[in-house]
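Structure assessment
Okay, here's what each chain looks like letter by letter:
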Amino acid sequence: MIEVRDVHHVYLRDSPLAAVALRGISLTIPDGERIGLIGPTGSGKSTLVQTLNALIRPTSGTVSVDGEDIFAPKADRRRVRQKVALLFQYAEQQLFEETVAKDVAFGPRNLGLPEDEIATRVHEALQSVGLDPDRFGPRSPFTLSGGEMRRVALAGVLAMSPKVLILDEPTAGLDPQGKAEFLQLILRLHAQRQLTVILINHSMDEIAQTTERVIVLDAGRVVMDGPTRQIFARAEELEHLHLGIPQTAQILHRLRARGLPVRTDLFTLEEARAEVLRVLRPA
Ligand SMILES: Nc1ncnc2c1ncn2[C@@H]1O[C@H](COP(=O)(O)OP(=O)(O)OP(=O)(O)O)[C@@H](O)[C@H]1O
Ligand SMILES: [Mg+2]
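So, here is what we can say about the structure in this document. (Residues numbered from 1 in each chain as written. Chains lettered and ligands numbered in written order. Predicted model: local features only at pLDDT ≥ 70, side-chain atom pairs only at ≥ 80, totals over all residues.)

1. Brief notes about the overall build of the chain
Worth spelling out the cut-off: Runs of E in the DSSP output that reach at least two residues are strands. Runs of H or I that reach at least four are helices, and both are numbered from the N terminus. Counting other C-beta atoms within 10 Å of a residue's C-beta gives its exposure: the residue is buried at 20 or more, exposed at 12 or fewer, and partly exposed in between, where C-beta atoms are placed from the backbone. With C-beta atoms placed from the backbone, a contact is any residue pair whose C-beta atoms sit within 7 Å.
When helices and strands are counted, the chain shows 12 helices and 10 strands. C-alpha atoms of the chain, sized along the principal axes, occupy 65 × 50 × 35 Å. Across the 283 residues that make up the chain, the buried fraction comes to 39%. When contacts within the chain are restricted to residue pairs at least 6 apart in sequence, long-range pairs at least 24 apart make up 61% of them.

2. A few points about the site of ligand 1
Using the following cut-off: In this entry, near means the residue's backbone-placed C-beta atom lies within 6 Å of the molecule or strand. Ten residues, namely Ala, Val, Leu, Ile, Met, Phe, Trp, Tyr, Cys and Pro, are considered nonpolar, four, namely Asp, Glu, Lys and Arg, are considered charged, and the remaining ones, Gly among them, are considered polar.
Surrounding ligand 1, one finds Tyr11, Leu12, Ala19, Ala21, Gly39, Thr41, Gly42, Ser43, Gly44, Lys45, Ser46 and Thr47. Taken together, the elements giving at least two residues each to the shell around ligand 1 come down to β2 (19-29) and α1 (45-52). In terms of residue count, α1 provides more of the shell around ligand 1 than any other element does, three residues in total. Looking at side-chain class alone, the shell around ligand 1 contains four nonpolar, seven polar and one charged residues.

3. A closer look at the packing of helix α11 (residues 247-257) against helix α12 (residues 269-280)
So the rule is basically this: Angular values range over 0 to 180 degrees, each being the angle between N-to-C directions of two axes fitted as lines to C-alpha atoms, with helices fitted over their stretch in contact. Reported orientations rely on four angle classes, namely roughly parallel under 35 degrees, roughly antiparallel over 145, roughly perpendicular from 65 to 115, and oblique for the rest. The handedness criterion is simple: a crossing whose near helix is rotated anticlockwise from the far helix by less than a right angle is left-handed, and one whose near helix is rotated clockwise is right-handed.
The N-to-C vectors of α11 and α12 enclose an angle of 15°; their axes lie 10 Å apart at closest approach. Of the possible angle classes, the one that applies to α11 and α12 is roughly parallel. Handedness of the α11/α12 crossing: right-handed. When α11 is examined against α12, the residues Thr248, Ile251, Leu252 and Leu255 are found in contact with a partner set consisting of Leu269, Ala272, Glu275 and Val276. Across the contact of α11 with α12, the residue classes tally to six nonpolar, one polar and one charged.

4. Side note on the pairing of strand β4 (residues 60-65)
Where we set the bar: Note on pairing: DSSP must find at least two bridges between two strands before they are called paired.
Pairing of strand β1 (residues 2-11) with β4 involves five bridges; the strand directions are antiparallel. Across the sheet, arginine 5 pairs through a bridge with threonine 62, a residue of β4. Sheet topology note: the β4/strand β5 (residues 68-69) ladder contains two bridges and is antiparallel. Residue pairing across strands places valine 65 opposite glutamate 68, the latter belonging to β5. Remark: two residues form the turn of the hairpin made by β4 and β5, two consecutive strands paired antiparallel; aspartate 66 in that turn has positive phi of roughly 50°.

5. Focus: the sheet that holds strand β8 (residues 196-200)
Sheet architecture is open: six strands sit in the order β6-β7-β8-β3-β9-β10, paired in mixed fashion. Of all strands in the sheet, those with a lone pairing partner are β6 (84-87) and β10 (221-227), marking the two edges. Taken over all neighbouring pairs, the strand axes of this sheet differ in orientation by 15° on average, direction set aside. Strand direction decides the pairing type here: strand β3 (residues 34-38) and strand β9 (residues 213-218), joined by four bridges, are parallel. Each residue of the ladder has a partner; that of glycine 36, found in β9, is valine 214.

6. As for unusual backbone geometry
Even without glycine at this site, tyrosine 90 takes up a positive phi of about 50°. With respect to the helices and strands, the residue tyrosine 90 is situated in the loop between β6 and α3 (100-110). A count of 16 C-beta atoms within 10 Å places tyrosine 90 in the partly exposed class. At glutamine 194, a residue that is not glycine, the phi angle is positive and equals roughly 50°. Among the secondary structure elements, glutamine 194 is positioned in the loop between α7 (176-193) and β8. The class of glutamine 194 is exposed, set by 10 C-beta atoms lying within 10 Å.

7. Brief notes about α1
Extensive coverage of α1 is indicated by the burial of six of its eight residues. Within the sequence span of α1, burial applies to Lys45, Thr47, Leu48, Val49, Thr51 and Leu52. In the stretch just after α1, alanine 54 is the one whose phi turns positive, near 70°.

Right, here's the structure in full:
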C-alpha cells in the first residue's frame, strides 16, 4: 500500500525558473488496484509518480510504501525502486545493452542476485511480455520493431519483480493494434501477478478500458478521485479541464440529449450497443 500525505513539489526552488508542480497531494493506493492518472498537460502527473518510487524527493510531505517512509534518512530507496517500478514514456529509448537478454538482466543484476536467478527472471519476464526468450534474447534491441522494443523495456521492469507497476503513457506512438495489445498485456500482468497498476494516459478510452479508479490532477492538485464510471459520468467537469470522456460515452450523451433515456456510463462498444437496444426495444 502507498500513502501520500500533503506532498508539494517545486522544481528549481529558489531560482527565477522555479516551477510549482505539486500543491498538496494526499492519496491512498491499496494493493492490487488499477488506477488511471489523468490531467491536462503540466498538471503534475509525471512528477507525482516519480515521488512514489523516490526518484524525486518532494519539497515537503511524505510518501510511505508498506508503512515505511521512503524519504526517511535510513530508508532503503533501492528496495523501494524494486517494489515500485516505473516505465517511463518512450522507455525503449533507454535500452542500451548489446542484447535483449542483457538489457532485461540489468535491473536484477544491480540487485546483486545470483546468475541462475537472473537467467530465470529474464526468461520469465520476456515470456510474460509475449516475446520468445530463445528468439529475442540474443538479438540486439536496435533490430526490433518499436512495439517489441517497448515490450523489452517492460520486461526489464518486470524482471525486478515489482508489486506496483507505474506506466507513464505506455501506448504513446504505437499504432491502434499495438496500443490494444499493450493494454491487454497490462491487464494480463495485473491478473497474473496481482500487481498494483498506475496508468498515466491521455486517451480516456484506454483509461476506461483498463482502470477501476481514476485520479484527476489539475495544476498540481487532486480535483477528482473515484470509481472510473463515476468519474466519467462527470462529463462537464472533465470537459472543463479539456479532458473529455470516452467515445462511447460521448455518443450515449448525445443520444440522451436527443431524448433517448440511455445510461451514459458505459465505455465499451458492446455495452453501449446493448444499452441502446434495451431502450429501443423494451421487454
Ligand atoms: N525537470 C523540470 N524542471 C523544471 N520544471 C519542470 C521539470 N519537470 C516538470 N516541470 C514542470 O512541472 C510541472 C508539472 O510537470 P509534469 O511533467 O509533472 O506534468 P504532466 O502532468 O506529466 O504533463 P504531461 O501530460 O505534459 O506529461 C510543469 O509545469 C512542468 O513544466
Ligand atoms: Mg508527463
